[in-house]
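A closer look at the structure
Okay, here's what each chain looks like letter by letter:
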Amino acid sequence: MEDAGATVFYDDEDCLDYECLHSNAEYDYDYADSEKESLHELYQYCLTPSLYDTGHYILPLLGSTILFRLLIHTKYISHKAFHILSVSIGLYIIHHYVPESVIILIIFTLFSYGVLQVAKKWHIGVGIFLPSLLIIAYCEFFMHPVTWHKIRSVVMIMVMKAISIAIDTDDSNDLPDIYSFMGYMFCGITCLFGPWVSFRDYLSLRYFTGQTKWWITCWKGFIFLSLSFVYLSVSNCWIQWVGQFVENSGKWVMAYRDALSFRMSHYFVSYLASALLVLGGFSLSSSTIVKPLYIELPRSLVQVVIHWNNPMHYWLKTYIFRRSIRNMGKFGAVIITYLISSLLHGLNFQLAAVLLSLGFYTYVEFQLRSLLADTFDACIASKQCTRQKCAHKYNSHNCWWVFMTNLMFSGLAMFHLAYLGLMFDMSDLQETGYSYSHTINKWAELGFASHWVALATFCIYILIK
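Now for a description of the structure that goes with this document. (Residues numbered from 1 in each chain as written. Predicted model: local features only at pLDDT ≥ 70, side-chain atom pairs only at ≥ 80, totals over all residues. Heavy atoms only, no water.)

1. Thoughts on the overall build of the protein
Helix and strand counts for the protein stand at 17 helices and zero strands. Counting over 465 residues, the protein shows a buried share of 55%. Here the contacts in the protein between residues at least 6 apart in sequence split such that 75% fall between residues at least 24 apart. When the accessible area of the protein is evaluated, it comes to approximately 21,100 Å², of which 65% is carbon and sulfur surface. (Helix = DSSP H or I, 4+ residues; strand = E, 2+ residues; numbered from the N terminus. Buried < 20%, exposed > 50% of the residue type's maximum accessible area, 1.4 Å probe, protein only. Contact = heavy atoms within 4.5 Å. Areas by Shrake-Rupley, 256 points an atom, 1.4 Å probe, with all protein chains shown as cover.)

This is how it looks when you write it as structure tokens:
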């Protein structure tokens, strides 16, 4: 999936929207009302209701996924019937969890298919993004903020699917028929929490060869589901419980705690989506969405943005970054990629500020470390070389200062993550999306330290370039 030499600087901070699930499952507990909660109270008042309520809430989703898996492997179902069933299951899931989005998604899907049928020259440029811009603008300006925030991730997945089909079919006249297009757009496995999957991967479900035994698939799905609940408990209960012992430890400790809670909620939804992919019949190779170890102990911010959401990273690199770099150069392509990522989330200042900050941070870090790696012939670039193919004279295995340099950049990445992730706290604003003032105030509390450090890093790069 990844090109070894490809340069990627972008990310999506919120591809799988935790609030979409959280809004209907009330399991947020405030620990500020008492002095110190015991482990028994933690189990009784947070862990048990959190896991039980969430499990009960996702039962229809799991049931629909298993039903989808059984139907697609039934030999007597025709090609057309397969897609009709896919649409039916997807519409049921959307209507059950986010009924506010059913009509607008149907209109958007039909409009998008209509765009594909017009002259080929309109498949590029504005023609691809017109339906996407219209649906996002409508939701942003005419929909209630709480409703829009709830369905945002669902709309985003639909938009990504439509754009990918339009670009993939740009070089050929092999357009999908209405049944396969609708089946892909409303696929019940990915329509709610994602992730984005390619049209080819969706069609390959019909050609399942049975090479992966069913019990291996079930076991893998069970592991992903278990991990998602572990991350849910950490995000919702354990971090808050541990946090009561460090409340007076300084604002940076609290910032790291809040950012960690947000990341854990992202892992929860990501592993839940991975479980649905595996149980729904997608290949095991396409089920990896997030890699928490590469995020919590990062070599660089570039590594973080790649492994935060692998399908989103691949989509942005393939359909936005590579096409933009031809005409705009590397830096211009980075900015355009992050702007598109921000737009996919809606016209939200906080998300745009975080994503554009990430774009600048990762670009500067990548350029600086590449320059240092070439100058000192050392393995200190943003992307680590494989041990067998590393051509640098110095690396972490034979030189202590290389190890320390990489460790310093790892600490810097964790510092930036705490600063940027602080934006996504559990305040009341999460129901409607975070405002401009919320973002500025949060960063002002930390003295805009991360931005100043990034600016200093950029100045260092300019001076030694």
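2. Some thoughts on a nonpolar patch on the surface
A contiguous nonpolar patch, built from Ile84, Leu110, Ile178 and Tyr179 and spanning about 330 Å² of accessible area, is present on the exposed surface. Structurally, Tyr179 can be placed in helix H7 (residues 178-185). The class for Tyr179 is partly exposed, based on a relative accessible area of 36%. (Patch = residues over 30% accessible without salt bridge, like charges linked within 9 Å, V, L, I, M, F, W, Y side chains within 5 Å. Salt bridge = Lys/Arg side-chain N within 4 Å of Asp/Glu carboxyl O.)

3. Concerning the packing of helix H6 (residues 145-168) against H7
As a packed pair, H6 and H7 sit with axes 10 Å apart at the nearest point and diverge in direction by 145 degrees. Along its contact with H6, which presents Met158, Lys161, Ala162, Ser164 and Ile165, the element H7 presents Phe181, Tyr184 and Met185. Broken down by class, the residue content of the contact of H6 with H7 amounts to six nonpolar, one polar and one charged. (Axes fitted to C-alpha atoms, helices over the stretch in contact; angles between N-to-C directions. Nonpolar A, V, L, I, M, F, W, Y, C, P; charged D, E, K, R; others polar.)

4. A closer look at H6
The end-to-end C-alpha separation of H6 is 33 Å, in line with the 34 Å expected for 24 residues at 1.5 Å each. The largest bend in H6 is about 50 degrees, located at Ile151. Burial analysis of H6 places 21 of its 24 residues in the buried class, which makes it a mostly covered element. (Expected span 1.5 Å × (residues − 1). Bend = angle between axes of the 7 residues up to and from the residue.)

5. Considerations on the pattern of salt bridges
Here the structure, examined in full by the defined rule, presents four salt bridges. With a closest N to O distance of 3.3 Å, Glu100 and Lys150 form a salt bridge. Here Glu100, found in the loop between helix H3 (79-97) and helix H4 (102-117), pairs with Lys150, found in helix H6; they are 50 residues apart in sequence, far enough to count as distant. Accessibility expressed as a relative area gives 14% for Lys150, which makes it buried. Residue Arg263 is joined to Glu296 by a salt bridge in which the shortest nitrogen-to-oxygen separation is 2.8 Å. With Arg263 in helix H10 (residues 251-279) and Glu296 in helix H11 (residues 292-296), this residue pair connects regions lying 33 residues apart in the sequence.

6. Remarks on the nonpolar core
Residues Leu105, Ile135 and Trp315 are the most contacted members of the largest nonpolar core, which totals 107 residues. Residues contacting Leu105, with those up to four places away along its chain left out, are Ile94, Ile135, Val154, Val155, Met158 and Phe186. With 10 residues, the next largest nonpolar core counts Leu368, Ala378, Ile380 and Tyr461 among its residues. (Core = buried A, V, L, I, M, F, W, Y, C linked by side-chain atoms within 4.5 Å.)

7. Notes on the environment of Val354
When you line up the elements, Val354 lands in helix H14 (residues 349-376). A C-alpha to C-alpha distance of 8.4 Å links Val354 and Met423, two positions 69 residues apart in sequence.

8. Overview of the packing of aromatic side chains
Given two aromatic rings, their pairing is described by the distance between the two centres and the angle made by the two planes. With the rule as written, the count across this model stands at 24 aromatic pairs. Judged by centre distance (5.5 Å) and plane angle (25 degrees), the rings of Phe82 and Tyr202 are stacked. Taken together, the residues Phe82 in helix H3 and Tyr202 in helix H8 (residues 199-203) connect sequence positions 120 residues apart. The class for Phe82 is buried, based on a relative accessible area of 2%. Judged by its relative accessible area of 0%, Tyr202 is buried. An aromatic cluster of three or more residues is present, and its members are Phe68, Phe82, Tyr184, Phe199 and Tyr202. When the ring centre of Tyr184 is taken as reference, the NZ or CZ atom of Lys161 above it lies at 5.3 Å. (Phe/Tyr/Trp six-rings, centres within 6.5 Å; stacked < 30°, edge-to-face > 60°. Lys NZ or Arg CZ within 6 Å of the ring centre and 35° of its normal.)

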